[in-house]
Amino acid sequence: MLNKMFLTLFNKSDYRNTVLAIFVWALPSLVFAQPNLVIIDESIPHQATFYTSLKEHFADLGETNFVALSANKLTLQNINKTNPSLIINLNKDSARPLLGLNPEQTIIHTLLTTADVNKVMSCKPRCLSEKINHHFLVINQPVERQLALIKLVKPSAKDIGVIYSKESSGQFEALQNVAKKTPSLTINQFLTTAENVRFILNDVAQSSDIILALADSNIYNLTTLPQILLTSYRHRTPVLGFSKGFVKAGAISGVSSTLPQLAQHTAEIIKAFNQRKKRLSTLVAYPKYYTVTSNHRVANSLNLHFENDAELTTQLQSNDVSR
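Here we summarise the structure given alongside this text. Computed from a predicted model, the values in this text were never measured in an experiment.

Another point: the side chain of histidine 134. Here histidine 134 shows up in strand S5 (residues 134-138). At a separation of 3.0 Å, a polar atom in the side chain of histidine 134 contacts the side chain of asparagine 102. Side chain to side chain, histidine 134 and histidine 109 meet in a polar contact 3.0 Å long. Ignoring sequence-local partners within four residues, the contact set of histidine 134 consists of Leu98, Leu99, Asn102, Ile107, His109 and Leu283.

In structure tokens form, the structure reads like this:
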């Protein structure tokens, strides 16, 4: 009788423990099952490409972890219908509306430049405390990385020419702060507007050992880029670009991140967030993955000779680790 009672109690206890173990094991999956909402305009190719690449990093978990919301249907009601764990915004034009709606979920804005962020976050510094759930994973590189590349492609450079507008003033301030820690470098600053860029090009090229281009569409665009590159080349002043297209057009080198690299970084942030291990700790995060692209034909014509792109990338990555 006693043995029968003991076995009965054991079986009940074992059953409860088994159920509890299954529940605890399933808990992370239940949490992760809460979808990640992606704000996207799929008619824009780079957003669609990025989204496809992003989902590939979750293929083993199932694509149901993502729900896409068209940018033209962005309302707080539509967000709440999804009840997302996290919101990932891929559409630049949706950043300001999202700040206005300010849903309670953490929001990662990506595919923006720091200049875009400064436009969107015009409420700074007040909104830094009011909009603490908004974070930005930008596409342009940190100035430390760009200055490190200058040292690799033109070690003798001391005077760095920088053309900027109000749009990129935040980038320029960051550059100044870094340059102050390197006494051997002097930043030749040229604040201008889109209309007046052409009037200062000769001064920039003549007074600088190299021109560092900031991601600023007021300064560098399809209209101004040919004249900037031709003027700098005439004065034999190299330009460090910020995209593969820029380098192909005539800059000697540049560091940039591809859409798959940006998607990989974003995927790592999402996974860490959904596993409750790590949240973004800063307002703005720079790309974790990147590559160097160089135009050795232009560089050689300016009597500049440096390592191949793979080696330059490796050296930059070593520099990142050491900081």
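Alright, that's what it looks like, and here's the rest.
What follows covers the pairing of strand S3 (residues 86-89). Burial along S3 is two-sided: the face carrying Leu86 and Ile88 and the face carrying Ile87 and Asn89 are both buried. The pairing of strand S1 (residues 36-40) with S3 spans 4 bridges and is classified as parallel. In the strand pairing of S3, asparagine 36 is matched with leucine 86. Pairing of S3 with strand S4 (residues 106-112) involves 4 bridges; the strand directions are parallel. In the strand pairing of S4, isoleucine 88 is matched with isoleucine 108. Since S3 and S4 lie parallel, the crossover through helix H4 (residues 95-101) that links them has a hand, and here it is right-handed.

The next subject is helix H8 (residues 169-179). By the burial criterion, the buried members of H8 are Gln171, Phe172, Leu175, Val178 and Ala179. One side of H8 carries all its buried residues, which in axial view fall inside an arc of 120°. Turning to H8, the residues buried within the fold contact helix H5 (114-120), helix H7 (143-153), strand S6 (159-164), strand S7 (186-191) and strand S8 (210-212).

This part takes up the sheet that holds strand S12 (residues 291-294). Read across the open sheet, the 6 strands follow the order S7-S6-S8-S9-S10-S12; overall the sheet is mixed. One side of each edge strand has no neighbouring strand; the edge strands of this open sheet are S7 and S12. Neighbour-to-neighbour, the strand axes of this sheet turn through a mean angle of 25°, independent of strand direction. Pairing analysis gives 2 bridges linking S6 to S8, with the strands arranged parallel. Its bridge partner lying in S8, isoleucine 160 is registered against isoleucine 210. Together, S6, S8, strand S9 (239-241), strand S10 (253-256) and S12 form the strand contacts of H7, whose direction differs from that of S10 by roughly 150°.

Conventions we followed
Residues numbered from 1 in each chain as written. Predicted model: local features only at pLDDT ≥ 70, side-chain atom pairs only at ≥ 80, totals over all residues. Heavy atoms only, no water. Helix = DSSP H or I, 4+ residues; strand = E, 2+ residues; numbered from the N terminus. Polar contact = N/O pair within 3.5 Å; in protein donor to acceptor, adjacent residues only side chain to side chain. Contact = heavy atoms within 4.5 Å. Buried < 20%, exposed > 50% of the residue type's maximum accessible area, 1.4 Å probe, protein only. Pairing = 2+ DSSP bridges. Right-handed = clockwise from strand over helix to strand, strands pointing away. Arc of directions from axis to C-beta. Axes fitted to C-alpha atoms, helices over the stretch in contact; angles between N-to-C directions.

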